[in-house]
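# Observations on chain architecture
Residues per chain, in single letters:
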Amino acid sequence: MVGYDPEARCVSTVEAAVAGSASGLVTRVLVSPLDVIKIRFQLQIEQLSSRNPGAKYHGILQAVQRIFQEEGLVAFWKGHVPAQFLSVGYGAVQFMAFESLTKLVHNITSYDARGSFVHFVCGGLAACTATVTVQPVDTLRTRFAAQGEPKIYHNLRHAVLTMYQTEGPRTFYRGLTPTIVAVFPYAGFQFSFYNILQQFSEWVLPAEGKNGGNMKNLICGSCAGILSKTLTYPFDVFKKRLQVGGFEHARAAFGQVRTYRGLLDCMRQIMREEGPGGFFKGLSPSLLKAAVSTGLIFFWYELFCSLLC
């Protein structure tokens, strides 16, 4: 049901927006702890290894234990309010745009709207539209997840006012360039791989019942998330590093901090100081998160669409 299908009952634009926002909301609650750990890993300059005495975090289990001991259980949902705004808004815009674009392709071109290439292009364009829409919220989410104790920002309103007054309105779009560069292929691969895997599963497996179909959506979405995240991961690291620019004082408790003048400078510094492995810091929790979140996003979206139809 993801994407326009002229041979099936398709969701309307409003239904796609509602299903997308609802799937984003439910998924965000479940994957927030993995997101916090991933961001902490991405922002750490020191090598993620127990052999490095200056490294605050070494691995997923050690990070979970340390965050829990130092900041409590609620730390795993730091920045959850802006993150929910992000997920709800992003999910609504992305799926609404995707359904509209695939329908447009069917109506004005000779391409098959259910083709993998069409899903790649439309998925990328839909994600870019959603990204520009919610980028300020994504920056706020990253700041909240990245700050230690004592907190620099007390709540969402305080964060918005402080960032606007001290850094100007452009700070809400920090990291937009690598985000746009990365989000098109990432989302494109997500929708394309999901489409390919769905077609493959229908060819290999016999027709499934409703419950079996839901499980198939979850598995296909998880595999699509892992593949697409692996291929585009370094740009996620660049985005997170750039988003915390001007926020270095709040990062002192976590180890070394760096200031980057832009995307190319960020890439050069990471390569020089951290080596190629620096581009993949936090990959383990990120892949785990991608598998869970992408699987759940498609699972809940398809389920909500079925309920709405």
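Residues numbered from 1 in each chain as written. Predicted model: local features only at pLDDT ≥ 70, side-chain atom pairs only at ≥ 80, totals over all residues. Heavy atoms only, no water.

### Focus: the overall build of the chain
Tallying secondary structure elements over the chain gives 9 helices and 0 strands in all. Reading the chain from its N end, one meets helices and strands in the order α-α-α-α-α-α-α-α-α. Taken against the 2.2 N^0.38 rule, which gives 19 Å for 309 residues, the C-alpha radius of gyration of the chain at 20 Å falls within 12% of a compact globule. Each principal axis of the C-alpha distribution contributes one length, and for the chain these read about 60 × 40 × 35 Å. The buried share among the 309 residues of the chain stands at 53%. (Helix = DSSP H or I, 4+ residues; strand = E, 2+ residues; numbered from the N terminus. Rg over C-alpha atoms; globule rule 2.2 N^0.38 Å. Buried < 20%, exposed > 50% of the residue type's maximum accessible area, 1.4 Å probe, protein only.)

### Digging into a nonpolar patch on the surface
A contiguous nonpolar patch, built from Leu25, Val29, Leu30, Phe68, Leu73 and Trp77 and spanning about 570 Å² of accessible area, is present on the exposed surface. Of the residues forming the nonpolar patch, the biggest block, 3 residues, is contributed by helix H1 (residues 13-43). (Patch = residues over 30% accessible without salt bridge, like charges linked within 9 Å, V, L, I, M, F, W, Y side chains within 5 Å. Areas by Shrake-Rupley, 256 points an atom, 1.4 Å probe, with all protein chains shown as cover. Salt bridge = Lys/Arg side-chain N within 4 Å of Asp/Glu carboxyl O.)

### Quick look at the nonpolar core
Among the nonpolar cores identified, the biggest contains 19 residues, and Val2, Phe98, Phe191, Tyr194, Phe298 and Tyr301 are the most heavily contacted of them. It is helix H3 (residues 80-108) that contributes the most residues to this core, 4 residues altogether. Beyond its immediate stretch of four places on either side in the chain, Phe298 contacts Val2, Phe95, Gln190, Phe191, Tyr194, Asn217 and Gly221. Of all hydrophobic cores here, the second largest spans 10 residues; its members include Ile45, Phe238, Leu242 and Cys266. (Core = buried A, V, L, I, M, F, W, Y, C linked by side-chain atoms within 4.5 Å. Contact = heavy atoms within 4.5 Å.)

### Considering the UniProt feature "repeat: Solcar" (unreviewed entry) in the chain
UniProt tags residues 11-104, 114-200 and 212-307 as "repeat: Solcar" (unreviewed entry). Within residues 11-104, the helical portion is 72% and the strand portion 0%, while the C-alpha atoms at the span's ends are 14 Å from each other. (UniProt positions renumbered as here; feature names shortened; annotations may be inferred.)

### Details of helix H2 (residues 60-71)
Compared with the 16 Å implied by 1.5 Å per residue over 12 residues, the 16 Å span of H2 between its first and last C-alpha is a close match. Listed as buried for H2 are Ala63, Ile67 and Glu71. Relative to the axis of H2, the buried residues are bounded by an arc of 30 degrees and lie together on one face. Of the exposed residues in H2, those oriented more than 90 degrees away from the buried face are Leu61 and Gln69. Of the surrounding secondary structure, the elements contacted by the buried residues of H2 are H1. Just downstream of H2 lies Gly72, where phi reads positive at about 85 degrees. (Expected span 1.5 Å × (residues − 1). Arc of directions from axis to C-beta.)

### Re the side chain of Glu15
Looking at the secondary structure, you find Glu15 in helix H1. Overall, the relative accessible area of 17% leaves Glu15 in the buried class. Sequence-distant contacts of Glu15, defined by excluding residues within four places in its chain, comprise Arg9, Cys10 and Leu308.

### Observations regarding helix H4 (residues 116-146)
Taking 1.5 Å per residue, 31 residues should reach 45 Å; H4 reaches only 37 Å between its end C-alpha atoms and comes up short. Its axis deflected by about 60 degrees at Val134, H4 carries its strongest bend there, up to four residues before the proline Pro136. Within H4, 23 of the 31 residues are buried, leaving the element largely enclosed by the surrounding structure. (Bend = angle between axes of the 7 residues up to and from the residue.)

### Some details on the packing of H4 against helix H6 (residues 176-204)
The N-to-C vectors of H4 and H6 enclose an angle of 140 degrees; their axes lie 7 Å apart at closest approach. Relative to H6, H4 is oriented oblique. Crossing geometry of H4 relative to H6 is assigned as right-handed. By residue class, the composition of the contact of H4 with H6 is 15 nonpolar, 10 polar and no charged. (Axes fitted to C-alpha atoms, helices over the stretch in contact; angles between N-to-C directions. Parallel < 35°, antiparallel > 145°, perpendicular 65-115°, else oblique. Left-handed = near helix turned anticlockwise from the far one by under 90°. Nonpolar A, V, L, I, M, F, W, Y, C, P; charged D, E, K, R; others polar.)

### Considerations on the environment of Leu296
Note that Leu296 resides in helix H9 (residues 283-308). Relative accessible area serves as the criterion here: at 14%, Leu296 is assigned to the buried category. Each C-alpha atom, one on Leu296 and one on Lys281, is 24 Å from the other, the two residues being 15 residues apart in sequence.

### Details of the domain arrangement of the chain
When cut into domains, the chain gives domain 1 (1-66 + 281-308), domain 2 (78-173) and domain 3 (176-275). Taking the mean C-alpha position of each, domain 1 and domain 3 sit 9 Å from one another. Of the roughly 2,500 Å² buried between domain 1 and domain 3, counting both surfaces, carbon and sulfur atoms make up 64%. At the boundary of domain 1 and domain 3, one finds 2 salt bridges. One salt bridge connects Lys281 with Glu274, and the closest N-O pair in it is separated by 2.8 Å. (Domains from an automatic or database assignment. Buried area = accessible area lost by both parts, 1.4 Å probe.)

### Let's talk about the packing of aromatic side chains
Taken as a whole and assessed by the stated rule, the structure comprises 15 aromatic pairs. Between Phe98 and Phe191, the aromatic rings sit 4.1 Å apart at their centres with planes inclined by 25 degrees, giving stacked as the arrangement. Of this pair, Phe98 sits in helix H3 while Phe191 sits in helix H6, and the two are 93 residues apart along the sequence. For Phe191, a relative accessible area of 1% corresponds to the buried category. Between Tyr194 and Phe298, the aromatic rings sit 4.0 Å apart at their centres with planes inclined by 5 degrees, giving stacked as the arrangement. You can see Tyr194 sitting in helix H6 and its partner Phe298 sitting in helix H9, a full 104 residues away along the chain. Comparing Tyr194 with Phe298 shows no difference in burial state: the two are buried. Members of the aromatic cluster, joined through ring pairs, are Phe95, Phe98, Phe191, Tyr194, Phe298 and Tyr301. Stacked on the ring of Tyr186, the Lys or Arg Lys229 has its end atom at 4.5 Å from the ring centre. (Phe/Tyr/Trp six-rings, centres within 6.5 Å; stacked < 30°, edge-to-face > 60°. Lys NZ or Arg CZ within 6 Å of the ring centre and 35° of its normal.)

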